[in-house]
Amino acid sequence: MSTKKTLFDKVWDSHVVHHIENGPDVLFIDRHMVHEVTSPVAFLGIKDRGIRVMYPEKTFATADHNTPTINQHLPVADPLSANQLRALEENSNEYGISYWGLGHEKNGIVHVVGPEYGITQPGATIVCGDSHTSTHGAFGAIAFGIGTSEVEMVLATQCIMQTKPKSMRITVNGSLSKAVTPKDVALYIISQLTTSGATGYFVEYAGEVFRNMSMEGRMTVCNLSIEMGARGGMIAPDEKTFEYVKGREFTPEGAAWDKAMTYWESLVTDEGAEYDKEVVFDAADIEPMITYGTNPGMGIGISHGIPVAESLEGGVATYKKSLQYMDFHEGDSMIGKRIDFVFLGSCTNGRIEDFRAFTSLIKGRQKADHVTAWLVPGSHKVEAAIKEEGLLDILTDAGFELREPGCSACLAMNDDKVPAGKYAVSTSNRNFEGRQGPGSRTLLASPLVAAAAAVTGKVTDPRELMEFETA
Amino acid sequence: MAYDKFNILTSSAVPLPIENVDTDQIIPARFLKATERKGFGDNLFRDWRYNADNTPKENFVLNNPIYSGKILVGGKNFGSGSSREHAAWAVYDYGFRCVVSSFFADIFRNNCLNIGVLPVQVSAEFLDKIYKAIETDPNTELEISLPDQTITIKATGAKESFDINDYKKANMLNGFDDIDYLLNIKEDIREFALDRPL
Ligand code: SF4
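A quick note: this is a predicted structure, and the numbers were derived from the prediction, not measured.

What counts, and where the lines are drawn
Residues numbered from 1 in each chain as written. Chains lettered and ligands numbered in written order. Predicted model: local features only at pLDDT ≥ 70, side-chain atom pairs only at ≥ 80, totals over all residues. Heavy atoms only, no water. Phe/Tyr/Trp six-rings, centres within 6.5 Å; stacked < 30°, edge-to-face > 60°. Helix = DSSP H or I, 4+ residues; strand = E, 2+ residues; numbered from the N terminus. Buried < 20%, exposed > 50% of the residue type's maximum accessible area, 1.4 Å probe, protein only. Lys NZ or Arg CZ within 6 Å of the ring centre and 35° of its normal. UniProt positions renumbered as here; feature names shortened; annotations may be inferred. 1 Å grid on protein atoms, 1.4 Å probe; cavity = no way out; pocket = protein on both sides within 12 Å on 5 of 7 lines; lining within 4 Å. Contact = heavy atoms within 4.5 Å. Buried area = accessible area lost by both parts, 1.4 Å probe. Salt bridge = Lys/Arg side-chain N within 4 Å of Asp/Glu carboxyl O. Polar contact = N/O pair within 3.5 Å; in protein donor to acceptor, adjacent residues only side chain to side chain. Arc of directions from axis to C-beta. Points joined across faces, edges and corners; volume = space filled by probe spheres on them. Nonpolar A, V, L, I, M, F, W, Y, C, P; charged D, E, K, R; others polar. Domains from an automatic or database assignment. Pairing = 2+ DSSP bridges. Axes fitted to C-alpha atoms, helices over the stretch in contact; angles between N-to-C directions. Parallel < 35°, antiparallel > 145°, perpendicular 65-115°, else oblique. Left-handed = near helix turned anticlockwise from the far one by under 90°.

*Asks:* Could you give an account of the packing of aromatic side chains, naming the residues involved and the relevant values?
*Replies:* Residues and elements named next belong to chain A. Applying the stated criterion across every chain yields a total of 26 aromatic pairs over all chains. Consider the rings of Tyr188 and Phe281, whose centres lie 5.7 Å apart with planes at 80°: the pair is edge-to-face. Of this pair, Tyr188 sits in helix H6 (residues 182-193) while Phe281 is found in strand E12 (residues 277-282), placing the two residues 93 residues apart along the sequence. Its relative accessible area of 10% is what places Tyr188 among the buried residues. Of the aromatic side chains, those joined through ring pairs into one cluster are Phe60, Trp100, Tyr117 and Phe250. The ring of Tyr244 is capped by Arg248, whose NZ or CZ atom sits 3.9 Å from the centre of that ring.

*Asks:* So what's going on with the UniProt feature "binding site: [4Fe-4S] cluster" (unreviewed entry) in chain A? Which residues, and what values?
*Replies:* Residue and element names in this part refer to chain A. This chain's UniProt record puts "binding site: [4Fe-4S] cluster" (unreviewed entry) on Cys347, Cys407 and Cys410. A maximum C-alpha distance of 8.7 Å is found for the annotated residues, which run over 64 residues; spatially they form one tight group. As for the lining of the largest cavity, the annotated residues named previously contribute Cys347, Cys407 and Cys410. Along the chain, Cys347 falls in helix H12 (residues 346-349). Taking the relative accessible area as the measure of exposure, Cys347 reaches 6% and is therefore buried.

*Asks:* Explain the UniProt feature "domain: Aconitase A/isopropylmalate dehydratase small subunit swivel" (unreviewed entry) in chain B to me, using residue names and the numbers behind them.
*Replies:* In the UniProt entry, the feature "domain: Aconitase A/isopropylmalate dehydratase small subunit swivel" (unreviewed entry) is given for residues 6-124 of chain B. Structurally, residues 6-124 of chain B is divided into 24% helix and 18% strand, and its ends, taken at the C-alpha atoms, are 25 Å apart.

*Asks:* Describe the interface of chain A and chain B, listing the residues and the values that go with them.
*Replies:* Taken together, the 71 residues of chain A in the interface contact 53 residues of chain B. Buried area between chain A and chain B, summed over both chains or domains, comes out near 5,200 Å², and the portion from carbon and sulfur atoms is 59%. Inspection of the region where chain A meets chain B yields five salt bridges. The shortest N-O distance in the salt bridge between Asp30(A) and Arg196(B) comes to 3.3 Å. For the pair chain A and chain B, the number of links is 25 residue pairs in polar contact (both at pLDDT 80 or more).

*Asks:* I'd like a description of helix H10 (residues 254-264) of chain A, backed by residues and values.
*Replies:* Residue and element names in this part refer to chain A. Along H10, the residues that are buried comprise Trp257, Ala260, Met261 and Trp264. Axial view of H10: buried residues confined to an arc of 105°, hence all on one face. Exposed positions of H10 whose direction lies more than 90 degrees from the buried face are Ala255, Lys259 and Thr262. Elements in contact with the buried residues of H10: helix H9 (239-245).

*Asks:* Give me empty space enclosed by the protein: which residues, what numbers.
*Replies:* Within this structure, the stated rule accounts for four cavities of 30 Å³ or more. Computed from the structure, the largest cavity encloses a volume of approximately 210 Å³. What lines the largest cavity is a set of 23 residues, and nearest its centre among them are His65(A), Asp130(A), His132(A), Leu411(A) and Arg435(A). Those elements that place two or more of their residues in the lining of the largest cavity are helix H4 (110-116) and H12 of chain A. Residue composition of the lining of the largest cavity, grouped by class: eight nonpolar, 11 polar and four charged. Split by domain, the residues of the lining of the largest cavity number at least three in each of domain 1 (7-277) and domain 2 (290-470) of chain A. In this structure, the second largest cavity encloses a volume near 140 Å³. The wall of the second largest cavity is formed by 18 residues, among which Ile226(A), Gly229(A), Ser80(B), Gly81(B) and Ala105(B) lie closest to the centre. Among the residues making up the lining of the second largest cavity, the classes are represented as six nonpolar, 10 polar and two charged. Built from parts of two domains, the lining of the second largest cavity gets at least three residues from each of domain 1 (7-277) and domain 2 (290-470) of chain A.

*Asks:* Describe in detail the sheet that holds strand E9 (residues 166-173) of chain A, supporting the description with residues and values.
*Replies:* Residues and elements named next belong to chain A. Overall, parallel pairing links the four strands, which are arranged E11-E10-E9-E12 in an open sheet. With one partner strand each, in any of the chains shown, strand E11 (232-234) and E12 form the two edges of the open sheet. Taking the axes of each pair of neighbouring strands and ignoring which way they run, one obtains an average angle of 25° across the sheet. As judged from the six bridges shared by E9 and E12, these two strands associate in the parallel manner. Residue Arg169 lies in a different strand from E12, and its bridge partner there is Glu278.

*Asks:* So what's going on with the domain arrangement of chain A? Which residues, and what values?
*Replies:* Residue and element names in this part refer to chain A. With domains assigned, chain A is organised as domain 1 (7-277) and domain 2 (290-470). For domain 1 and domain 2, the distance between their C-alpha centroids amounts to 25 Å. Together, the buried faces of domain 1 and domain 2 total about 3,400 Å²; carbon and sulfur atoms form 56% of this surface. Inspection of the domain 1/domain 2 interface yields one salt bridge.

*Asks:* Describe in detail the sheet that holds strand E18 (residues 441-444) of chain A, supporting the description with residues and values.
*Replies:* Residues and elements named next belong to chain A. With parallel pairing, four strands are arranged side by side in an open sheet as E16-E15-E17-E18. Here the strands that pair on one side only, and so sit at the sheet edges, are strand E16 (372-375) and E18. With direction set aside, neighbouring strand axes in the sheet form an average angle of 20°. In the packing of helix H13 (residues 352-362) onto the sheet, the strands contacted are strand E15 (341-344) and E16, and the crossing angle to E15 comes to about 140°. Of the strands in this sheet, E15 and strand E17 (423-426) are in contact with helix H16 (residues 447-456), which crosses E15 at around 150°.

*Asks:* Outline the packing of H6(A) against helix H8 (residues 215-223) of chain A, supporting the account with residue identities and numerical values.
*Replies:* Residues and elements named next belong to chain A. Where H6 contacts H8, the axes come no closer than 8 Å and their chain directions differ by 20°. One finds that H6 runs roughly parallel with respect to H8. Of the two elements, H6 crosses H8, and the hand of that crossing is right-handed. Between H6 and H8, the contacting residues are Pro182, Lys183 and Ala186 on the first element and Gly217, Thr220 and Val221 on the second. Considered class by class, the residues forming the contact of H6 with H8 number three nonpolar, two polar and one charged.

*Asks:* Give me the lowdown on the layout of surface pockets, citing residues and values where you can.
*Replies:* If you roll a probe as big as a water molecule over the atoms, it shows you where there is empty space left. If you add up the space inside the second largest pocket, you get close to 850 Å³. Thr163(A), Asp106(B), Arg109(B), Asn110(B) and Asn165(B) are, among the 28 residues lining the second largest pocket, the residues nearest its centre. Contributing elements (two or more residues each) for the lining of the second largest pocket: strand E8 (159-162) of chain A together with helix H4 (106-115) and strand E4 (118-121) of chain B. Counting residues per element, the lining of the second largest pocket draws most heavily on H4(B), at five residues. Residue composition of the lining of the second largest pocket, by class: 11 nonpolar, eight polar and nine charged.

*Asks:* Please give an account of the packing of helix H2 (residues 40-49) of chain A against helix H5 (residues 148-157) of chain A that cites residues and values.
*Replies:* Residue and element names in this part refer to chain A. Where H2 meets H5, the axes come as close as 8 Å, and the angle between the chain directions of the two elements is 50°. Judged by the inter-axis angle, H2 sits oblique to H5. Of the two elements, H2 crosses H5, and the hand of that crossing is right-handed. Contacts from Val41, Ala42, Phe43, Gly45, Ile46 and Arg49 of H2 reach H5 at Thr148, Val151, Glu152, Leu155 and Ala156.

Below is the structure:
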């Protein structure tokens, strides 16, 4: 076997406590994030076994999936949600886990607050009972979503059992065109690979496009790794990463920082290391993207028409069922389709950079009257930055309101539900049937495309609205 | 949580020939508010199974009494999307012990194995044969042998083998779970943790 290692190998191999012959590895977990929805049964499990949480200081709890995005200071009205939130608080207290509940200054979406407070670090193994845990891979961590049985494993033993995935490198060379954001890069890759194209793999993103991307952008890309079926995606840490991590609450300091840096700087793929699969794309082929179907792989460049079934691989029946759900037709142009809702938020696009992008486009314009817009920051920190940077004033002038942090319409467990039959342009990550409310129809897109739709009330190419700004 | 042992399962099967069935369809998010693991089977495929007024949708397979059994046969890329183990719980709670597909999403597959539902991955051709057999006779039985790692269509004798790693196989045969294993090596874990920088 070659001694040359990929970034993924380096981090994985250094966390293997035990290898079981023809079985999984026992993988040590450095950081564990929990939220109210996927943890209660795991806590019940350890209670039933009569055991304690092995390393409570390595687990962090935040409430996000099931929380209202208005009037967070009031008691949660829905009794089931309130009960779930109470369970998380009680379990956190009982086992000595830091708990950032509703109203806490550090509260926010689990994958937004992790990086904000330095819980997310290069070279770490990070898990959470949410598939978009892959977000944290932006820092060169191995981060992935787990099921509740696995949450229980981590609480009980700080380890999980995992078979090592295969490795895939996705390289995007060149530079991005106007109005093409990290979200578009990710939606483009998924549209090329399909939603199962990376199943069984762990992805490393490489090439100029990712090198030049901000940490926020890298998080957006890694976040969406799961939508191509990959367990996770990661990007080798560099100066930008270290700069971002430095000085945050849970980041090492002094001698510990120096020691950490020695490790972090070693986190690059060795020259000549091999991947099980390599794909290469050219940045010039990517334009602002939008989805037209019921999985994130059903995306196209915004100026294109909806593909005809026969031109695609895979099940024609499933494809037609999907278009029927959306009430779209093969060959339709997406541009000009009337929309009803806009959602800016989620762990995919709920960070400050996303609000900056959205605001840049709506500045001096007005929200379309018939559009309901939910602008939901990913955390209180993001919310504060929106206010400090003066973005809130621009949003308010344009007829928008800002809500309080949470997952909101990303999965519509709270009241932020898109009604049946209505269309939402959403910066979140999933356009599955009913994801944003029973019968809802979701078009996934970037914050720029969402902004363009919010002011025109229909699917609009953001480049058109940007034209005069960049003469 | 310890679960039922799995050895040989012979049962009729329920066909769901749709691709990319995601976990939001298996169990929609609004049913994830429980703090205990029970009752999820009632909401399995909720929005495909029931109208908004809670009346059953006649043309959905779970509402068709001619199909029954402990095996669910799904299309390619079954279980994609969210990591919610509730999806696997719903499948189990409804009464399925095995899901057959030509391709599974990773997390769903793991979740199934962790709670005692056996994911059986077959070739696309074999999946077709199963659908044809069920079409011919809805009561047709499949035999799934975990010890031999084979799946057989009883009526035709068509047979294919499937993969599962030795460790998981032993767990399922004995009804053990991973935590039993991990708790046994706790001291090794403690020692390992001493060297971790974080
Ligand atoms: S925003 Fe959506 S994807 Fe992200 S953690 Fe919340 S529910 Fe999961």
